[in-house]
Amino acid sequence: MHQFVTAFQRLRAEAADAGMSTTEYAVGTFAAAAFATVLYKIVTSTGVQTALTGLITKSLK
């Protein structure tokens, strides 16, 4: 039982420091914005729009 309590206390102590710091939030937000920008550029490209339009048109026939 003592080992269980010790392990639980160690996990609680580690979990207290499991959150992201402000810098990590900033880097994560920047990475998400960069990924969204790249994804937007890909989806709005002429080739992808043509492919999606063709796929939708084909599926509606």
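Scroll up a little and you will see the structure.
Residues numbered from 1 in each chain as written. Predicted model: local features only at pLDDT ≥ 70, side-chain atom pairs only at ≥ 80, totals over all residues. Heavy atoms only, no water.

Engineer: How do you make sense of the overall build of the protein when you look at a structure like this?
Structural biologist: Helix and strand content of the protein: 3 helices and 0 strands. Seen in sequence order, the protein has helices and strands lined up from the N terminus as α-α-α. Expressed as a percentage of the 61 residues in the protein, the buried residues total 0%. Element-wise, carbon and sulfur atoms account for 69% of the exposed surface of the protein, whose accessible area totals about 5,700 Å². (Helix = DSSP H or I, 4+ residues; strand = E, 2+ residues; numbered from the N terminus. Buried < 20%, exposed > 50% of the residue type's maximum accessible area, 1.4 Å probe, protein only. Areas by Shrake-Rupley, 256 points an atom, 1.4 Å probe, with all protein chains shown as cover.)

Engineer: Would you explain the environment of Val43 in this entry?
Structural biologist: Tracing the sequence through the fold places Val43 in helix 2 (residues 22–43). Dropping the residues within four chain positions of it, Val43 is found in contact with Val48 and Gln49. (Contact = heavy atoms within 4.5 Å.)

Engineer: Looking at this structure, how should I read a nonpolar patch on the surface?
Structural biologist: Among the surface-exposed residues, Phe35, Val38, Leu39, Ile42, Val43, Leu52, Leu55, Ile56 and Leu60 lie close enough to one another that they form a single nonpolar patch of about 890 Å² accessible area. Mapped by element, the contributors of at least two residues to the nonpolar patch are helix 2 and helix 3 (46–60). Among the elements that line the nonpolar patch, the one with the most residues is helix 2, at 5 residues. By secondary structure assignment, the location of Val38 is in helix 2. (Patch = residues over 30% accessible without salt bridge, like charges linked within 9 Å, V, L, I, M, F, W, Y side chains within 5 Å. Salt bridge = Lys/Arg side-chain N within 4 Å of Asp/Glu carboxyl O.)

So far we have only geometry, and geometry alone does not tell us how the molecule works.
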